[in-house]
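Below are the chains, spelled out letter by letter.
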2 protein chains.
Amino acid sequence: MELWYTEEQTDSVRFSAKVKRHLHSEQSPFQKIDVLETEEFGKLLTIDGLVMVTEKDEFIYHDMITHVAMATNPAIKRVLVIGAGDGGTVRELTRYNTIEKIDMVEIDEVVVKVSKEFLPFTASKLDDPRVNLFFEDGIKFVEGKENQYDLIIVDSTDPIGPGEGLFTTEFYTNCYKALTENGILINQNESPYYPANAREMKRAHIKIREIFPIAKAYQYFIPTYPGGHWLFGFASKNLDPVRDFNPEKWNSLGIKTKYYNTELHVGAFALPNYVKEMLENAEK
Amino acid sequence: MELWYTEEQTDSVRFSAKVKRHLHSEQSPFQKIDVLETEEFGKLLTIDGLVMVTEKDEFIYHDMITHVAMATNPAIKRVLVIGAGDGGTVRELTRYNTIEKIDMVEIDEVVVKVSKEFLPFTASKLDDPRVNLFFEDGIKFVEGKENQYDLIIVDSTDPIGPGEGLFTTEFYTNCYKALTENGILINQNESPYYPANAREMKRAHIKIREIFPIAKAYQYFIPTYPGGHWLFGFASKNLDPVRDFNPEKWNSLGIKTKYYNTELHVGAFALPNYVKEMLENAEK
């Protein structure tokens, strides 16, 4: 017998991976969580049937969601992470001795429980003493907070289901207020390639650029997401990720990475024309 | 009834696209050629069952295979294109008024015939007066040529079937000889993500770097190829694609592109660490 997992990336495009074993399946109060052991990608976590993390390429996602901000401002001490239940974002953050506090707010405790059991490669640092885990709604968590974090990372699913409220003007405004003077907001900013993702990419960008003086996007190659060409948003109150970036400083830290490097940092902001135009011309 | 095309990208990964119509199928003396009309990608050309070109994203491939070299050396006048039967590479080259001659050598006349009929969006410039079409083996075509071309573009399939000889030391050596003093060789250099592609990526790179003083690789996002993260090789006798690159000069030409721009030119050479290490540590 052959077992295959298939994701419907659009109504007319499918991505399929051969499965060795279906390791786990669980309906949380929020979503359906599955873990597969695949031939090509190792362990693969899906939420509501969509690929979230794979053992083979999670390093790409987690390098890019953390190191670009940390390299732009190595003085970051207090970090808020929203979502990120698999633990990979926190794992990368804990590599910086200079970080003093990481608050991680994941709405779905089951994602963390499942990740600790099946994805130790990402969940390995959730017990770092600097990490405070909150199983709450990230949207409510940031409400009313002022000047508390140097970095907020919104490591969310797509804007459907529990992730939806993380793509609103109100939420981004609350993030702005919760950030310190040199604060940086990194958000999962979807993809330009398939129309449904591109629509959400534009919607998130126009909201953020109305709130933050600096609002850019940077790209990364992630083969297990639809189209393989995905973006993170980089928004900040003061710091420009290219102009204010000091590569020597980050390189002096000696942090070994499998994807990120300081040349790629700059290159990631060099978007193709069709993506630049989509972002620049995006309208409400 | 639903009709789906499926490519087995590896033994355990499949990519499927919903098909409106199967427009054409033909066995040439060299390979099986099919044209599909798909929902998501428009027209899609396959050779031996593998995606070669799609209407939706061919602009990415053709921008990157031509403009990086042309922007590095705007003085290029004589160009040899090997493969490229769909015509997209020639289409982009003909946009440079400074190019005087384009010799295109495609082993399989049927690919050109089919492209002219079904893919007018790529084949549109094959009748440009500067273009000379040769339906011959590119490997034999370059043998014995000396100092004749400023640019050679090897726009090949994977190194199986008729494309295999385009990945040999002998062929690359003949290209070196056929190039002028500032000559540049661009080759389809496979992908780092899936092991079979990565093996060919490394093999091509180690051969080329033994022959050319400058041998680099640059990346592009191409969602319809396996993994979506593919490379072209940039090899040359003298010119470095970043150090000797003059963005103002290329921008002054006023060539409008949907993917390529001069910032992305530099960014494309900023490879992830895992790719850099694969290339640097590649051994025969």
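Residues numbered from 1 in each chain as written. Chains lettered and ligands numbered in written order. Predicted model: local features only at pLDDT ≥ 70, side-chain atom pairs only at ≥ 80, totals over all residues. Heavy atoms only, no water.

J.: What exactly am I supposed to notice about the interface of chain B and chain A here?
T.: How big an interface is tends to be stated in terms of accessible area lost as the parts join. Across the boundary between the two partners, chain B contributes 44 residues, which contact 44 residues of chain A. In total, chain B and chain A occlude about 3,500 Å² of area from one another, counting both sides; carbon and sulfur atoms represent 59% of this. The largest per-residue losses of area from chain B upon contact with chain A belong to B:Arg14, B:Tyr193 and B:Phe221, which jointly make up 21% of the total buried on that side. At the boundary of chain B and chain A, one finds two salt bridges. (Contact = heavy atoms within 4.5 Å. Buried area = accessible area lost by both parts, 1.4 Å probe. Salt bridge = Lys/Arg side-chain N within 4 Å of Asp/Glu carboxyl O.)

J.: What exactly am I supposed to notice about the UniProt feature "binding site: spermidine" (unreviewed entry) in chain A here?
T.: All names here are of chain A. Within this numbering scheme, the UniProt entry marks His62, Asp86, Asp155, Ser156, Thr157 and Asp158 as carrying the feature "binding site: spermidine" (unreviewed entry). Locating Asp155 in the fold gives a position in strand β9 (residues 149–155). Those residues within four positions of Asp155 in sequence are excluded, and the remaining contacts are Tyr61, Ile65, Ile82, Gly83, Ala84 and Thr89. Summarising the element assignment, Ser156 is placed in the loop between β9 and α6 (169–178). Under the relative-accessibility criterion, Ser156 is labelled buried at 9%. (UniProt positions renumbered as here; feature names shortened; annotations may be inferred. Helix = DSSP H or I, 4+ residues; strand = E, 2+ residues; numbered from the N terminus. Buried < 20%, exposed > 50% of the residue type's maximum accessible area, 1.4 Å probe, protein only.)

J.: Sorry if this is basic, but what is going on with the packing of α6(A) against helix α7 (residues 195–211) of chain A here?
T.: Between two packed helices, what matters for the description is the angle formed by their axes and the separation of those axes. All names here are of chain A. Between α6 and α7, whose axes approach to 9 Å, the crossing angle comes to 40°. Classed by the angle they form, the pair α6 and α7 counts as oblique. The element α6 and its partner α7 pack so that their crossing is right-handed. In this structure, α6 uses Thr169, Tyr172, Thr173 and Tyr176 to contact α7, whose residues at the interface are Ala204, Lys207, Ile208 and Ile211. (Axes fitted to C-alpha atoms, helices over the stretch in contact; angles between N-to-C directions. Parallel < 35°, antiparallel > 145°, perpendicular 65-115°, else oblique. Left-handed = near helix turned anticlockwise from the far one by under 90°.)

J.: What am I meant to see in the sheet that holds strand β8 (residues 131–134) of chain B here?
T.: Adjacent strands of a sheet pair through backbone hydrogen bonds, lying either parallel or antiparallel. Residue and element names in this part refer to chain B. Pairing in this open sheet of seven strands is mixed, and the strands run β8-β7-β6-β9-β10-β12-β11 from one edge to the other. Strands with a single pairing partner mark the edges of an open sheet, and in this sheet they are β8 and β11 (214–221). Mean inter-strand twist for the sheet, computed between neighbouring axes without regard to direction, equals 15°. Sheet analysis places strand β6 (residues 78–83) next to strand β7 (residues 101–105), joined by five bridges and oriented parallel. Bridge assignment links Leu80 to a residue of β7, and that residue is Asp103. (Pairing = 2+ DSSP bridges.)

J.: How should the packing of aromatic side chains be read in this particular structure?
T.: Two measures describe an aromatic ring pair: the distance that separates the ring centres and the angle between the ring planes. Applying the stated rule across the entire model yields 35 aromatic pairs over all chains. Measuring from centroid to centroid gives 5.3 Å for A:Tyr225 and A:Trp230, while their planes differ by 75°, and the two rings are edge-to-face. For the pair A:Tyr225 and A:Trp230, a shared accessibility class is recorded, and that class is buried. Ring geometry for A:Tyr274 and B:Phe59: centres 5.4 Å apart, planes at 90°, overall edge-to-face. Taken together, the residues A:Tyr274 in helix α10 (residues 273–280) and B:Phe59 in helix α1 (residues 58–72) connect one chain to another. Take A:Tyr274 and B:Phe59: they sit in the same class, and that class is buried. Chaining the aromatic ring pairs together yields one cluster made of A:Tyr61, A:Tyr218, A:Tyr220, A:Tyr225, A:Trp230, A:Phe232, A:Phe234 and A:Phe269. Sitting over the face of the ring of B:Trp4, A:Arg14 holds its NZ or CZ atom 3.7 Å from the ring centroid. The ring of A:Tyr193 has B:Lys56 sitting right over it, with the charged end atom 4.6 Å from the ring centre. (Phe/Tyr/Trp six-rings, centres within 6.5 Å; stacked < 30°, edge-to-face > 60°. Lys NZ or Arg CZ within 6 Å of the ring centre and 35° of its normal.)

J.: Can you help me understand the environment of A:Glu109 in this one?
T.: Residue and element names in this part refer to chain A. Structurally, the position occupied by Glu109 is in helix α3 (residues 109–118). The class of Glu109 is partly exposed, set by a relative accessible area of 48%. Sequence spacing of Glu109 and Gly85 is 24 residues, and the spatial spacing of their C-alpha atoms is 7.8 Å.

J.: Quick question: what am I supposed to make of the relation of the copies chain B and chain A here?
T.: Note: a rotation about an axis with an accompanying shift along it relates these two copies of the chain. Its rotation angle being 180°, the transformation that places chain B on chain A also includes 0.0 Å of axial translation and leaves an RMSD of 0.0 Å. The superposition operator between the copies reduces to a two-fold rotation axis. Taking C-alpha positions as reference, the residue of chain B nearest the rotation axis is B:Gly267, located at 1.8 Å. By residue overlap, the copies meet face to face through one surface: 100% of the interface positions of chain B are interface positions in chain A. (Least-squares fit on C-alpha atoms with pLDDT ≥ 70 in both.)

J.: Please clarify how the sheet that holds strand β7 (residues 101–105) of chain A should be interpreted in this entry.
T.: All names here are of chain A. Across the sheet, seven strands lie side by side as β8-β7-β6-β9-β10-β12-β11; this open sheet has mixed pairing. At either margin of the open sheet sits one strand with a lone partner, and together these are β8 (131–134) and β11 (214–221). The average angle at which neighbouring strand axes cross in this sheet is 15°, direction not considered. Where strand β6 (residues 78–83) lies against β9, five bridges are found, and the strand directions are parallel. Each residue of the ladder has a partner; that of Leu80, found in β9, is Ile152.

J.: What is the right way to look at the domain arrangement of chain A in this model?
T.: Residues and elements named next belong to chain A. Its domain assignment divides chain A into domain 1 (3–54) and domain 2 (58–280). Here domain 1 and domain 2 have C-alpha centroids that lie 23 Å from each other. On the side of domain 2, 20 residues touch domain 1, which itself brings 23 residues to the contact. Both faces combined, the contact of domain 1 with domain 2 buries some 2,000 Å², and carbon together with sulfur accounts for 71% of it. (Domains from an automatic or database assignment.)

J.: Teacher, can you tell me more about the pairing of strand β10 (residues 179–188) of chain B here?
T.: Regular strands place side chains that alternate from one sheet face to the opposite one. Residues and elements named next belong to chain B. The buried fraction of β10 amounts to eight of the 10 residues, a majority that puts the element mostly inside the structure. Bridging between strand β9 (residues 149–155) and β10 involves five bridges; their strand directions are parallel. Paired with Ile152 across the strands is Leu185, a residue of β10. In this fold, β9 hands off to helix α6 (residues 169–178), which returns the chain to β10; that crossover is right-handed. Bridge count for β10 against strand β12 (residues 229–236) is five bridges, and the pairing is antiparallel. If you follow Gln188 over to β12, its bridge partner there is Phe232. (Right-handed = clockwise from strand over helix to strand, strands pointing away.)

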